[in-house]
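Here is what each chain is made of, one letter per residue.
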Amino acid sequence: MTADDLAPILVLDGGLGTSLEDDYNVKFDEHTPLWSSHLLVNDPDTLRACQKDFGSIPVDILLTATYQASEEAFLRTKTADHPNGISRSETSPYLDLAISIAEEVKASTAQIALSLGSYGASMIPSQEYSGRYDAEHNSTVQLLDWHRDRLRLFDQIERLKYRINYVAFETVPRIDEIKAIRKVFSVTRSSNWDSSSVFHGDVPFWISCVFPGDDYILPDGSDVDQVVDALLNPIHSENVPWGIGINCTKVAKIPKLIRMFENAVSRLASAGSLKEKPALVLYPDGTNGEVYDTITKTWQVPTSQETPKSPWERQLADAVLHARNQHCWRMILVGGCCKAYHRDIARLRAILS
């Protein structure tokens, strides 16, 4: 096997919100429903500095500070300038700033991914780890409406389609939401076709799912075979993600999850349901087993937690280097989620280089 036969590896950034908390002493609570996106409103210089920590490594792909950005979160954001919250019509400058900061701090050759959390990330308290949604957002049709409307917020950004390289749907906990996301984009040209819109499916997108707890299922109970079928099978939508993967999950679970994903992808390919290989996207939590409590907003170490045998970056790098030899993936994107700092990503890049 030659180097040309191996899947290329690109390095993503790490956990922005936890880096702001732990490296820049930023405090998030119920008064900051936008989480890291809140700094677009009140402290863009700190946000810029934190994202530059990752951009300077350098990473190959930098995610925008928009994970929690939604109409609901902006409306809940009360400031001196916006005592009644930030209305939908007032969001555009902040969303544009998120793209501008990423453009400014990334390396010249690096790419930008528009970060979009699941519906659960917009809830108070957040429910992307549980998948327990309210009655108004509890079906594929309802979630399609929400995701389509949220993407319209971003589509008003001037030249958005030409300023980003990927759209990243992250921490998705439910099968019906995966199917909804795939239906957001349209590849059918109509009489009112707007070639500059991000809705037309020509910007590659990925969907990454969350596998919390100690098992290997989604929060809604779906197993990996069901997840990969929802992600890739064309019977659910003509829009097939460029990439699929896992984020916000314990790093110790990544090797087994990759094997389960590979087996499921191979079964779809054998059935003739795949036209081309997907990319694999991996950004597990930068912890060694600590679990985030959405109620207390703290990281808790399970009492049964064993001491890891190797550092986080080595565990992840070993999993990636094994996966690239399996001929299953067109490309592998790898970085970190919560508690993965720029120091961790720099060490990960050094190993992979």
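These numbers were taken from a predicted model, which means no experiment stands behind them. For every chain, the first residue of the written sequence is number 1, and numbering continues from 1 onward in sequence order. Confidence filtering applies because this is a predicted model: local features only for residues at pLDDT of at least 70, side-chain atom pairs given and counted only at 80 or more, and all residues used for totals across whole chains, interfaces and linings. The basis for every side-chain value is the complete set of heavy atoms in the structure, and neither hydrogens nor water enter the calculation.

K.L.:
Would you explain the packing of aromatic side chains in this entry?
P.N.:
Think of a pair of aromatic rings as described by two things: how far the centres are apart, and how the planes are tilted against each other in angle. The pairing test for Phe, Tyr and Trp rings, Trp by its six-membered ring, is centres within 6.5 Å, and the orientation test on the planes gives stacked under 30 degrees, edge-to-face over 60, and tilted for anything in between. Taken as a whole, this structure holds 11 aromatic pairs when the rule is applied. Each ring, one from Phe-74 and one from Tyr-94, has its centre 6.3 Å from the other, and the planes form 25°; the classification is stacked. One end of the pair, Phe-74, is in helix 4 (residues 71-76); the other, Tyr-94, is in helix 5 (residues 92-105), with 20 residues separating them in the sequence. The same class applies to Phe-74 as to Tyr-94, namely buried. Between the aromatic rings of Tyr-166 and Trp-206, the centroid separation amounts to 5.7 Å while the plane-to-plane angle is 50°, which identifies the pairing as tilted. Here Trp-206 lies in strand 5 (residues 205-209) and Tyr-166 lies in strand 4 (residues 166-172), a separation of 40 residues in the sequence. Each member of the pair, Tyr-166 as well as Trp-206, carries the same accessibility label: buried. Three or more aromatic residues joined by ring pairs make a cluster, and in this case those are Tyr-166, Trp-206, Trp-242 and Tyr-283. The aromatic ring of Tyr-216 is capped on one face by Lys-253, whose charged end is 5.2 Å from the ring centroid. Should the NZ of a Lys or the CZ of an Arg lie within 6 Å of a ring centre and within 35 degrees of the ring normal, that charge is described as sitting over the ring. It is Lys-256 that lies over the ring of Tyr-216; its NZ or CZ is 4.5 Å from the centre. Comment: elements are numbered from the N terminus, with helices defined as DSSP H or I runs of at least four residues and strands as E runs of at least two. Each residue gets one of three labels from its accessible area relative to the maximum for its type: buried under 20%, exposed over 50%, partly exposed in between, using a 1.4 Å probe on protein chains only.

K.L.:
When you look at the sheet that holds strand 5 in this model, what are you seeing that I'm missing?
P.N.:
Picture the strands of a sheet paired through backbone hydrogen bonds; they go either parallel or antiparallel. For two strands to be treated as a pair, DSSP must find at least two bridges joining them. With respect to topology, eight strands assemble into an open sheet ordered 1-10-7-6-5-4-3-2, the strand pairing being parallel. Because the sheet does not close on itself, it has two edges, and the strands there are strand 1 (9-11) and strand 2 (61-63). Averaged over all adjacent pairs, the angle separating strand axes in this sheet is 25°, with direction ignored. Judged from the three bridges that link them, strand 7 (residues 279-283) and strand 10 (residues 332-334) form a sheet pairing that is parallel. Looking across to strand 10, one finds that Val-281 is bridged to Leu-333. To get an axis, fit a line to the C-alpha atoms, keeping to the stretch in contact for a helix; angles then go from 0 to 180 degrees between the N-to-C directions.

K.L.:
Would you explain the side chain of His-38 in this entry?
P.N.:
Structurally, His-38 can be placed in the loop between helix 1 (16-24) and helix 2 (39-42). Contacts between residues were defined by any pair of non-hydrogen atoms, one from each residue, lying within 4.5 Å. With residues near it in sequence (within four places) discarded, His-38 still touches His-31, Thr-32, Thr-77 and Thr-79.

K.L.:
Just to check I follow, could you spell out the environment of Gln-51 for this structure?
P.N.:
Positionally, Gln-51 belongs in helix 3 (residues 44-55). Once residues within four sequence positions are removed from consideration, Gln-51 is found in contact with Leu-16, Leu-62, Leu-63, Thr-64, Ala-65, Ile-101 and Val-105.

K.L.:
Hey, could you run me through the packing of helix 10 (residues 254-270) against helix 11 (residues 312-323) in this one?
P.N.:
Helix packing for two helices is described by the angle between their axes and how far apart those axes are. Two elements in contact, helix 10 and helix 11, have axes whose closest approach is 9 Å; the angle formed by their N-to-C orientations is 20°. Put simply, helix 10 runs roughly parallel to helix 11. At the point where helix 10 passes helix 11, the crossing takes the right-handed sense. Residues Ile-254, Pro-255, Ile-258 and Glu-262 of helix 10 pack against Leu-316, Ala-319 and Ala-323 of helix 11. Reported orientations rely on four angle classes, namely roughly parallel under 35 degrees, roughly antiparallel over 145, roughly perpendicular from 65 to 115, and oblique for the rest. Helix crossings get a hand from a simple test, with the near helix turned counterclockwise from the far one by less than a right angle marking a left-handed crossing and a clockwise turn marking a right-handed one.

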